[in-house]
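So you can see what is in the structure, the chains are spelled out below.
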Amino acid sequence: MSSQTHASTRERILHIARDLIFARGFSAMSIDMICGQAGITKGGFFHHFPNKEALGEAVLQQFWQDALARQRQILESAYPTKLDQLAAYLEDAISTYQDPQFSQGCMLAIFTMGLAETNPRLFQVSQEYFQDWRGQLIDMLSQVKEEQHLAAFDETAWAELYIATLEGALLLTKAMGDTKVTARTLSLYKQQLLAATTQPTMANTSSPQKN
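Read on for a plain summary of the structure. (Residues numbered from 1 in each chain as written. Predicted model: local features only at pLDDT ≥ 70, side-chain atom pairs only at ≥ 80, totals over all residues. Heavy atoms only, no water.)

Before going further, it helps to examine the overall build of the protein chain. Helix and strand counts for the protein chain stand at ten helices and zero strands. In the protein chain, the order of α-helices and β-strands from amino to carboxyl end is α-α-α-α-α-α-α-α-α-α. Within the protein chain, buried positions represent 40% of all 211 residues. Excluding contacts between residues fewer than 6 apart, the proportion of contacts in the protein chain whose partners are at least 24 apart in sequence is 67%. Accessible surface for the protein chain amounts to roughly 11600 Å². Of this, 53% is attributable to carbon and sulfur atoms. On the protein chain, the mean spot of the 17 positive side-chain charges and the mean spot of the 22 negative ones are 5 Å from each other. (Helix = DSSP H or I, 4+ residues; strand = E, 2+ residues; numbered from the N terminus. Buried < 20%, exposed > 50% of the residue type's maximum accessible area, 1.4 Å probe, protein only. Contact = heavy atoms within 4.5 Å. Areas by Shrake-Rupley, 256 points an atom, 1.4 Å probe, with all protein chains shown as cover. Lys, Arg positive; Asp, Glu negative; His and termini not counted. Charge placed at Lys NZ, Arg CZ, Asp CG, Glu CD.)

Time to look at the packing of aromatic side chains. To describe a pair of aromatic rings, you give the distance between the ring centres and the angle between the ring planes. Enumeration according to the criterion identifies ten aromatic pairs in this entry. Ring centres of F130 and W133 lie 5.9 Å apart, and the angle between their planes is 20°; this geometry places the pair in the stacked category. On the criterion of helical spacing, the pair formed by F130 and W133 is a turn pair, its members being three residues apart in helix α7 (residues 120-148). Its relative accessible area of 18% is what places F130 among the buried residues. (Phe/Tyr/Trp six-rings, centres within 6.5 Å; stacked < 30°, edge-to-face > 60°.)

Let us look at the packing of α7 against helix α8 (residues 155-176). The N-to-C vectors of α7 and α8 enclose an angle of 130°; their axes lie 8 Å apart at closest approach. Comparing their axes, α8 and α7 come out oblique. Judged by the twist between their axes, the crossing of α7 over α8 is right-handed. Mapping the contact onto sequence places F130, W133, R134, L137, I138, L141, S142 and K145 in α7 and E155, T156, W158, A159, E160, Y162, I163, L166 and E167 in α8. Per-class residue counts for the contact of α7 with α8 are ten nonpolar, two polar and five charged. (Axes fitted to C-alpha atoms, helices over the stretch in contact; angles between N-to-C directions. Parallel < 35°, antiparallel > 145°, perpendicular 65-115°, else oblique. Left-handed = near helix turned anticlockwise from the far one by under 90°. Nonpolar A, V, L, I, M, F, W, Y, C, P; charged D, E, K, R; others polar.)

All right, on to the side chain of E155 then. Its place among the elements puts E155 in helix α8. Among all residues touching E155, those that are not within four sequence positions of it are I138, L141, S142 and K145.

Our next topic: the nonpolar core. Among the nonpolar cores identified, the biggest contains 62 residues, and I34, F45, L55, L108, F111, W133 and Y162 are the most heavily contacted of them. Counting residues per element, the ones that place at least two in this core are α1 (3-24), α2 (31-38), α4 (52-75), α5 (82-96), α6 (107-115), α7, α8 and α9 (180-198). Top contributing element to this core by residue count: α7, with ten residues. (Core = buried A, V, L, I, M, F, W, Y, C linked by side-chain atoms within 4.5 Å.)

To continue, consider α7. Taking 1.5 Å per residue, 29 residues should reach 42 Å; α7 reaches 41 Å between its end C-alpha atoms and fits that length. Those residues of α7 not exposed but buried are L122, V125, S126, Y129, F130, W133, L137, I138, M140, L141 and V144. Close packing links the buried residues of α7 with α4, α5, α6, α8 and α9. (Expected span 1.5 Å × (residues − 1).)

By the element assignment, R72 lies in helix α4. Relative accessible area serves as the criterion here: at 39%, R72 is assigned to the partly exposed category. For the pair R72 and Y89, spaced 17 residues apart in the sequence, the C-alpha separation amounts to 9.8 Å.

Here we come to the pattern of salt bridges. Summed over the entire model, instances satisfying the criterion amount to seven salt bridges. The salt bridge involving K190 is made with E91; its shortest N-O contact spans 2.7 Å. Pair noted here: K190 is in helix α9 and E91 is in helix α5, with a separation of 99 residues, a long-range link. K190 sits in the buried class, given a relative accessible area of 18%. The partner of R184 in a salt bridge is D178, with the nearest N and O atoms 3.2 Å apart. Assessed through its relative accessible area of 22%, D178 is described here as partly exposed. (Salt bridge = Lys/Arg side-chain N within 4 Å of Asp/Glu carboxyl O.)

On the secondary structure map, G177 appears in the loop between α8 and α9. A sequence separation of 74 residues divides G177 from S103, and the C-alpha atoms of the two residues are 9.4 Å apart.

Right, dumping it as structure tokens:
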């Protein structure tokens, strides 16, 4: 088997596994399903992955690396201010999650919610990715806080609100079959965040009260 054929078979397995996990969840996905859709034997599957858990971890890693690549494209571009960069990040998310491929859900959430008790290893991996994501958002928001001189701005709360907003929107999108749900909710988040980072807060504008 050539290296190109090896790589293409592995990618096909990953692609099929990703779609099955989005549709059924990790626990309901089976190696037999993968082999049937990929047109390979179990021996062919085990040539690429030693077990189902290794496949799940590879799917999760690919999902996270793709997300990082999209984020990196924004962060490495030149913007006049950190606030402009953050606005571009949010606008990219709004656009991305209207694509049916991405509106299927979040692989991190699927693994975190479904595997806490049944597969501690994969739960831990997804948990670590969530922590990385949260940390990166806090870092971006901290830079905006410093740039805009926002003493009362809570970057941790805004980072967690973004994750909660996106994850909830993806869940509702799947329940309603409406890809516009995520666009609406993230647009509202962006609107509120920009208002909070460009307008003086009450704490900054109010004068000390006289006794």
